[in-house]
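Fold and contact review
What follows is the residue order along each chain.
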Protein chains: 2
Amino acid sequence: MAILGIELSINEKLYQRNPQRTELGRSILRHSILMIDELGLERFNFRKLAERIGSTEASVYRYFENKQLLLVYLVNWYWEWMRFRIDMKAMHINDPKEKLRVAICCIVDTAKRNARIEFIDEDVLHRIVVAEGAKAYHNKEVDAQNKDGFFWSYKELCNRIANIILENNPSFPYPRALASSLLEMANNHIYFAEHLPRLTEVKEEGDLLKQVELLLLYFAWRLVFPSEEQSEQAAGHRFNSQSGQVWH
Amino acid sequence: MAILGIELSINEKLYQRNPQRTELGRSILRHSILMIDELGLERFNFRKLAERIGSTEASVYRYFENKQLLLVYLVNWYWEWMRFRIDMKAMHINDPKEKLRVAICCIVDTAKRNARIEFIDEDVLHRIVVAEGAKAYHNKEVDAQNKDGFFWSYKELCNRIANIILENNPSFPYPRALASSLLEMANNHIYFAEHLPRLTEVKEEGDLLKQVELLLLYFAWRLVFPSEEQSEQAAGHRFNSQSGQVWH
DNA sequence: AAATAATGATAGTTTTGCTATCATTATTAG
DNA sequence: CTAATAATGATAGCAAAACTATCATTATTT
């Protein structure tokens, strides 16, 4: 997929025909995102999608085997996009702490549309990932699908974040667990704030994403930094170290 | 539901007829748990269930409106059971730290069958909660269902844990978020260890549940305790601090 | 023994998930 | 510019899933 000339590659086994290369394919992507958001995954189906885009069920099936794989394709796109953004932003940063801050910012921020890809509405895709993302790998075919590399993007994304965590604290015992937890928390606490507010301190009102970012920063900072740096704390703006850096 | 003479109450709107009160109802519960575990939620349906228990589809529908609500019923049972166990175990403990340790133990441990309720196999139910639990509230009806109190048990469970967190550190800013995250992490890291091992440090081999418990304890301790207490650490036994703590 | 409630048996409806066939329209290659 | 080839549309159909309805039968309660 061409973004600023760079290609995000999605596992080829996820589709029958590359949806990005044709008008119909892009239409399938665009409207499946909108419809899954509107109807939810279970009420969404290829018949309704075909009707909406003025095509036929058979044609849609020529691109994706079924809606489960279409969902996996979409969340892969999201994960790839997030990983790309983290790589971009972190590339030229030397300070590992700043790198981690930027990564967490990306985790929460990938929602906001940046690349102008006509056929993917990142805002809506983000809502899908929040609401339905976990269903991509919660099914009886996980192991087979994992073998086919369907979750490579997610694992690689997790890996990137884990490495940044290790740069900050090489002896942190749970870099991957923290990375995946931060990714999952980002989605969960948005969802909780909107639907089950008693499960989180994040409030629907106000800047929800900013609150989630602060939450993740708080958790990450407390966990990865040896306690002498705790004084500096996580919270957002006033993250300039008033106190000199000690560690490393 | 009678366990040692105590009743776990499940929201009455979740069922048409109370499944615990009849032979058929209990058979539905027992075998739906087994079949969802075997087939996964999407391949499981009331026709197959009816066939297996030697009854009819119509009869099953007299107990539960559909399989989504049956799932919600089952995970509610699990949440209620966990909350009950935490209350029981924490009741007579005064030390808040010990209370938190016990709560985390329950979060991970509710898997292991304790109450001998003939028609609920806690081991298998736990696997269902791990693999399918999130689907209980990831659907387009959340808000309506939440209004009907379908998630009260989960929220109340979260609340219990959040209160224990606050007993340990009254100024901890994210008690609910940490509580829900611990609950979600417990499930996720078991699932990851078994299916997507690169997302966690928890290994499938060895005592998986013990590892998850140590992970949760590590996170909880680092997060809720002011750093002078870090030295004592979470994981009970071998968390002795080699390095002296400085901050505060 | 009569009334009531739960189940079984059977049937039928609508929707979903998916495949097949063939004609038509683009696209590309020679 | 035509011939080949690829993609789409149109239509059909089928098997399963997700229900609902009816009525007879069997328990249970009173």
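None of these values were measured; they are calculated from a predicted model. (Residues numbered from 1 in each chain as written. Chains lettered and ligands numbered in written order. Predicted model: local features only at pLDDT ≥ 70, side-chain atom pairs only at ≥ 80, totals over all residues. Heavy atoms only, no water.)

A few words now on the overall build of chain A. When helices and strands are tallied, chain A shows 10 helices and 2 strands. Start at the N end of chain A and walk to the C end: the helices and strands fall as β-β-α-α-α-α-α-α-α-α-α-α. Burial analysis of chain A (248 residues in total) assigns 61% to the buried set. Contacts spanning at least 24 positions in sequence make up 63% of the contacts within chain A whose residues lie at least 6 apart. Total accessible area on chain A is roughly 10300 Å²; 50% of this is exposed by carbon and sulfur atoms. (Helix = DSSP H or I, 4+ residues; strand = E, 2+ residues; numbered from the N terminus. Buried < 20%, exposed > 50% of the residue type's maximum accessible area, 1.4 Å probe, protein only. Contact = heavy atoms within 4.5 Å. Areas by Shrake-Rupley, 256 points an atom, 1.4 Å probe, with all protein chains shown as cover.)

To continue, consider the protein's contact with DNA strand D. Close contacts around DNA strand D come from 18 residues, with A:Ser55, A:Arg62, A:Tyr63, B:Arg47 and B:Glu57 the closest. Take A:Arg17: an N or O atom from its side chain is 3.3 Å from a phosphate oxygen of DNA strand D. Between A:Arg62 and DNA strand D, the recorded distance is 2.9 Å, taken from a side-chain N or O atom to a base oxygen. Elements with a minimum of two residues in the surface near DNA strand D: α2 (46-52) and α3 (57-61) of chain B. With 3 residues, α3(B) is the largest single contributor of residues to the surface near DNA strand D. In the surface near DNA strand D, the residues fall into 4 nonpolar, 6 polar and 8 charged. (Near = heavy atom within 4 Å. Polar contact = N/O pair within 3.5 Å; in protein donor to acceptor, adjacent residues only side chain to side chain. Nonpolar A, V, L, I, M, F, W, Y, C, P; charged D, E, K, R; others polar.)

Let us look at the packing of helix α1 (residues 23-39) of chain A against helix α6 (residues 122-132) of chain A. Residues and elements named next belong to chain A. The contact between α1 and α6 brings their axes to 9 Å, and the two run at 50°. Taken together, the axes of α1 and α6 are oblique relative to one another. For the element pair α1 and α6, the recorded crossing hand is left-handed. Contacts between α1 and α6 pair Ile 33, Leu 34, Ile 36 and Asp 37 from the former with Val 124, Leu 125, Arg 127, Ile 128 and Glu 132 from the latter. Across the contact of α1 with α6, the residue classes tally to 6 nonpolar, no polar and 3 charged. (Axes fitted to C-alpha atoms, helices over the stretch in contact; angles between N-to-C directions. Parallel < 35°, antiparallel > 145°, perpendicular 65-115°, else oblique. Left-handed = near helix turned anticlockwise from the far one by under 90°.)

A few words on empty space enclosed by the protein. Using the criterion set out here, one finds 4 cavities of 30 Å³ or more in the structure. Approximately 400 Å³ is the volume found for the largest cavity. Taken together, 35 residues form the lining of the largest cavity, with A:Ala134, A:Glu184, A:Asn188, B:Glu184 and B:Asn188 sitting closest to its centre. Here the lining of the largest cavity is composed, by residue class, of 24 nonpolar, 8 polar and 3 charged. (1 Å grid on protein atoms, 1.4 Å probe; cavity = no way out; pocket = protein on both sides within 12 Å on 5 of 7 lines; lining within 4 Å. Points joined across faces, edges and corners; volume = space filled by probe spheres on them.)

Turning our eyes to something else, we now look at the protein's contact with DNA strand C. With respect to spatial proximity, 17 residues lie near DNA strand C, and among them A:Arg47, A:Glu57, B:Ser55, B:Arg62 and B:Tyr63 are the closest. A share of 49% is what sugar and phosphate atoms reach among the atoms of DNA strand C within 4 Å of the protein. Take A:Arg47: an N or O atom from its side chain is 3.0 Å from a base oxygen of DNA strand C. For DNA strand C, a phosphate oxygen lies 2.7 Å from a polar atom in the side chain of B:Tyr63.

Before going further, it helps to spend a moment on the relation of the copies chain A and chain B. With an RMSD of 0.0 Å, the fit of chain A onto chain B corresponds to turning through 180° and sliding 0.0 Å along the axis. The symmetry that links the two subunits is that of a two-fold axis. Looking at the rotation axis and the C-alpha trace of chain A, the residue lying nearest is A:Ser227, at 2.7 Å. Both copies present the same face, since 95% of the interface residues in chain A are matched by interface residues at the equivalent positions in chain B. (Least-squares fit on C-alpha atoms with pLDDT ≥ 70 in both.)

On the chain B side, the residues contacting the 58 residues of chain A number 59 residues. Summed over both sides, the interface between chain A and chain B buries roughly 5000 Å², with carbon and sulfur atoms accounting for 60% of that surface. Across the contact surface, chain A and chain B share 2 salt bridges. Its salt-bridge partner being B:Arg43, residue A:Glu141 comes within 3.4 Å of it at the nearest N-O pair. (Buried area = accessible area lost by both parts, 1.4 Å probe. Salt bridge = Lys/Arg side-chain N within 4 Å of Asp/Glu carboxyl O.)

All names here are of chain B. The terminal C-alpha atoms of helix α1 (residues 23-39) lie 24 Å apart, and with 17 residues this matches the ideal 24 Å at 1.5 Å per residue to within 8%. Three or more residues of α1 are buried, namely Gly 25, Ser 27, Ile 28, Leu 29, His 31, Ser 32, Ile 33, Met 35, Ile 36 and Asp 37. Positive phi appears at Gly 40, one or two residues downstream of α1, with a value of about 85°. (Expected span 1.5 Å × (residues − 1).)

Residues and elements named next belong to chain A. Mean pLDDT for chain A: 90, with 87% of residues reaching 70 or above. Taken as a whole, residues 1-6 scores under 50 in pLDDT and shows 13 contacts with residues more than four places along the chain or in a different chain. Here residues 234-248 is a poorly scored stretch, pLDDT under 50, and it has 29 contacts once near neighbours within four places are set aside; other chains count. (pLDDT = per-residue confidence, 0-100.)

Take the state of the cysteines next. Residue and element names in this part refer to chain B. According to the stated counting rule, one finds 0 disulfides over all chains in the structure shown. The thiol sulfur of Cys 105 is not disulfide-bonded, and the nearest other cysteine sulfur, from Cys 106, lies at 5.8 Å. A relative accessible area of 21% means that Cys 105 is categorised as partly exposed. You can call Cys 106 buried: its relative accessible area is 0%. (Disulfide = S-S within 2.5 Å.)

Turning our eyes to something else, we now look at the side chain of B:His31. Residue and element names in this part refer to chain B. One can find His 31 in helix α1. Note on His 31: relative accessible area 19%, which makes it buried. Residue contacts for His 31: discarding those within four places in its chain leaves Leu 49, Arg 52 and Ile 53.

All right, on to the nonpolar core then. Membership of the largest hydrophobic core comes to 183 residues, with the highest contact counts inside it found for A:Phe64, A:Tyr137, A:Leu216, B:Phe64, B:Tyr137 and B:Leu216. Those residues in contact with A:Leu216, other than ones at most four positions away along the chain, are A:Ile104, A:Ile107, A:Val108, A:Leu182, A:Met185 and A:Ala186. (Core = buried A, V, L, I, M, F, W, Y, C linked by side-chain atoms within 4.5 Å.)

A few words now on the packing of helix α5 (residues 96-109) of chain A against helix α10 (residues 208-224) of chain A. Residues and elements named next belong to chain A. The geometry of α5 relative to α10 is characterised by a closest axis approach of 9 Å and an angle of 145° between their N-to-C directions. The element α5 and its partner α10 pack so that their crossing is right-handed. Of α10, the residues touching α5 (which contributes Lys 97, Leu 100, Arg 101, Ile 104, Cys 105, Ile 107 and Val 108) are Leu 209, Val 212, Glu 213, Leu 216, Leu 217, Ala 220, Trp 221 and Val 224. Split by residue class, the contact of α5 with α10 holds 12 nonpolar, no polar and 3 charged.

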